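Each chain, letter by letter, is given below.
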Amino acid sequence: MRIVFAERLQELMKEQGLNQVKLAERVGVKQNTISAWLLKKKEPSLTSLWLVADYFGVDVDYLIGRKDD
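Remember, predicted model here, so these are calculated numbers, not experimental data. (Residues numbered from 1 in each chain as written. Predicted model: local features only at pLDDT ≥ 70, side-chain atom pairs only at ≥ 80, totals over all residues. Heavy atoms only, no water.)

> I tried to follow helix 4 (residues 46-56) on my own but got confused; where do I start?
Working note: α-helix, 3.6 residues per turn, so residues spaced by three or four point in the same direction. Within helix 4, burial applies to S48, L49, V52, A53 and F56. Along the axis of helix 4, the buried residues cluster in a sector spanning 130°; they form a single face. Against the buried residues of helix 4 lie helix 1 (5-16), helix 2 (20-27), helix 3 (31-38) and helix 5 (60-63). At the exit of helix 4 stands G57, carrying a positive phi of roughly 70°. (Buried < 20%, exposed > 50% of the residue type's maximum accessible area, 1.4 Å probe, protein only. Helix = DSSP H or I, 4+ residues; strand = E, 2+ residues; numbered from the N terminus. Arc of directions from axis to C-beta. Contact = heavy atoms within 4.5 Å.)

> Just to check I follow, could you spell out the nonpolar core for this structure?
One recurring pattern in soluble globular proteins is that nonpolar side chains are buried together. Counting residues in hydrophobic clusters, the biggest one holds 19 residues, and the most contacted among them are L9, M13, L23, I34, V52, F56 and L63. At the level of elements, helix 1, helix 2, helix 3, helix 4 and helix 5 are the ones that each hand at least two residues to this core. What L9 contacts, discounting residues up to four positions off in sequence, is L23, W37, L38, V52 and F56. (Core = buried A, V, L, I, M, F, W, Y, C linked by side-chain atoms within 4.5 Å.)

> Can you help me understand helix 3 in this one?
Of all the eight residues making up helix 3, six are buried; the element is thus mostly covered by neighbouring parts of the structure. Taken residue by residue, helix 3 has T33, I34, S35, A36, W37 and L38 as its buried positions. Of the surrounding secondary structure, the elements contacted by the buried residues of helix 3 are helix 1, helix 2 and helix 4.

> Even after reading the chapter, I still don't get the packing of helix 1 against helix 4, so can you show me in this structure?
When two helices pack together, their arrangement is captured by the angle between the axes and the distance separating the axes. Direction vectors running N to C along helix 1 and helix 4 enclose 35°, while the axes themselves pass 11 Å from each other. Of the two possible hands of crossing, helix 1 and helix 4 adopt the one that is left-handed. On helix 4, the residues touching F5, L9, L12, M13 and Q16 of helix 1 are L49, V52, Y55 and F56. (Axes fitted to C-alpha atoms, helices over the stretch in contact; angles between N-to-C directions. Left-handed = near helix turned anticlockwise from the far one by under 90°.)

Next comes the structure, spelled out in structure tokens:
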């Protein structure tokens, strides 16, 4: 299974008009952490996945590509 977190995060950010700085502020991480996720240099922790999923109102399974809705 291919993990698609970076692609899904980019898509969600675009839909809501968020840049890395704004998302970082809203989920409580540093901007360079968001950048590393988007560039696939770093994977989010489980806690970060929960925070991002809660912020966007999606399942963690959607974020990592186990579900498409």
